[in-house]
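Descriptive structure summary
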Amino acid sequence: MGSTKVTDEKLERTLARESPCTLPIQAFGRQPIEWFKEARPVWAWVQWRDRPAERIPAVARGANNLVVMLAFDVAGDHWEPVVWRNAVTIRAAG
């Protein structure tokens, strides 16, 4: 039987796989989402349930006047949360 001891490595792997918080559809408002033909590079503040929010490089796939649909990879996992528009700024491609 394997060890049940929580090591720093196991804890780090678990936290790295934690999904980011995403806004519910009720937060999207009445304006429809404009889906971009090409994803736009952005900096986004992303919130996590059990760790501090962090500013990460991401791409915006769509937006309206209230929210932005993001996509980004963290530690081999792909995430697509929805965040408030004021949590996102344009980033130079590259």
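Structure first, text after, so check above.
Overview of the structure. From a predicted model like this one, the values you see are computed outputs, not experimental measurements.

1. Details of the nonpolar core
Membership of the largest hydrophobic core comes to 16 residues, with the highest contact counts inside it found for V42, V46, V68, L70, F72 and V88. With seven residues, the next largest nonpolar core counts L23, V67, M69 and V82 among its residues.

2. A closer look at the pairing of strand β1 (residues 34-46)
Pairing of β1 with strand β2 (residues 54-63), which is carried by nine bridges, proceeds in the antiparallel orientation. By the bridge assignment for β2, E34 is matched with A63. Two strands pair when backbone bridges link them, and β1 and strand β6 (residues 88-90) are joined in this way by three bridges, in the antiparallel orientation. Paired with W43 across the bridge in β6 is T89.

3. Topic: the environment of A60
On the secondary structure map, A60 appears in strand β2. Considering only alpha carbons, one finds A60 and I90, 30 residues apart in sequence, at a separation of 9.2 Å. Ignoring sequence-local partners within four residues, the contact set of A60 consists of F36, A39, R40, V42, V68, M69 and L70.

4. A look at the pattern of salt bridges
Summed over the entire model, instances satisfying the criterion amount to three salt bridges. A salt bridge links R51 to E54, with the nearest nitrogen and oxygen atoms 3.3 Å apart. Given a relative accessible area of 22%, R51 falls into the partly exposed group. In this structure, the salt-bridge partner of E80 is R61, at a minimum N-O distance of 3.2 Å. Taken together, the positions of E80 in the loop between β4 (77-79) and β5 (82-84) and R61 in strand β2 put the pair 19 residues apart, joining distant regions of the chain. Look at R61 and you get partly exposed, because its relative accessible area is 36%.

5. Quick notes on the environment of A71
Along the polypeptide, A71 turns up in strand β3 (residues 67-74). The exposure class assigned to A71 is buried, which follows from its relative accessible area of 4%. Between the C-alpha atom of A71 and that of V82, which follows or precedes it by eleven residues, the distance is 8.9 Å. Setting aside its immediate chain neighbours within four residues, A71 contacts A58, V59, R61, H78, W79 and E80.

6. Things to note about the side chain of N64
Inspection of the secondary structure puts N64 in the loop between β2 and β3. Here N64 falls in the buried class, since its relative accessible area comes to 2%. One polar contact links the side chain of N64 to the main-chain carbonyl oxygen of Q31, over a distance of 2.9 Å.

The rules behind the values
Residues numbered from 1 in each chain as written. Predicted model: local features only at pLDDT ≥ 70, side-chain atom pairs only at ≥ 80, totals over all residues. Heavy atoms only, no water. Core = buried A, V, L, I, M, F, W, Y, C linked by side-chain atoms within 4.5 Å. Buried < 20%, exposed > 50% of the residue type's maximum accessible area, 1.4 Å probe, protein only. Pairing = 2+ DSSP bridges. Helix = DSSP H or I, 4+ residues; strand = E, 2+ residues; numbered from the N terminus. Contact = heavy atoms within 4.5 Å. Salt bridge = Lys/Arg side-chain N within 4 Å of Asp/Glu carboxyl O. Polar contact = N/O pair within 3.5 Å; in protein donor to acceptor, adjacent residues only side chain to side chain.

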